[in-house]
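Coordinate analysis (summary)
In case you want the letters, here they are:
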Amino acid sequence: MDSAARRTGGGLWEGLYRIIMRRNSVYVTFVVLGAFAGERAVDYGTHKLWEINNVGKRYEDIPVLGQRQSEE
């Protein structure tokens, strides 16, 4: 009786299968967009981690670079 309730209830995985994996074109689009979004998320996280770990050591953080020293 438990298995009969499962079949009629659907569930999360069956819903995902119905929405995403039933047609090949939708599945391929989902994979490509997921890869793009994942790449952007990893790139953003890595960039922020790099900036946090290198505060004061980056070119933008050094105020005297690019300025001429005054001759007095």
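So, how was this worked out
- Residues numbered from 1 in each chain as written.
- Predicted model: local features only at pLDDT ≥ 70, side-chain atom pairs only at ≥ 80, totals over all residues.
- Heavy atoms only, no water.
- Patch = residues over 30% accessible without salt bridge, like charges linked within 9 Å, V, L, I, M, F, W, Y side chains within 5 Å.
- Areas by Shrake-Rupley, 256 points an atom, 1.4 Å probe, with all protein chains shown as cover.
- Salt bridge = Lys/Arg side-chain N within 4 Å of Asp/Glu carboxyl O.
- Helix = DSSP H or I, 4+ residues; strand = E, 2+ residues; numbered from the N terminus.
- Buried < 20%, exposed > 50% of the residue type's maximum accessible area, 1.4 Å probe, protein only.

A surface patch of nonpolar side chains, about 660 Å² in accessible area, is lined by Y17, M21, Y27, V28, F30, V31 and V32. Broken down by secondary-structure element, the contributors of at least two residues to the nonpolar patch are α2 (12-21) and α3 (24-53). In terms of residue count, the dominant contributor to the nonpolar patch is α3 (five residues). Relative to the helices and strands, Y17 resides in helix α2. The exposure class of Y17 is partly exposed, given its relative accessible area of 41%.

Turning our attention to the pattern of salt bridges. Going through the model one piece at a time under the given rule, you end up with four salt bridges. The partner of R18 in a salt bridge is E14, with the nearest N and O atoms 3.3 Å apart. Taken together, the positions of R18 and E14, both in helix α2 and four residues apart, correspond to about one turn of that helix. On the basis of relative accessibility, which here comes to 48%, the residue R18 falls in the partly exposed class. In this structure, E51 and R58 form a salt bridge, with 3.6 Å as the shortest nitrogen-oxygen distance. Judged by relative accessible area, which is 23%, R58 ranks as partly exposed.

Limitation: the analysis is restricted to geometry and does not speak to function.
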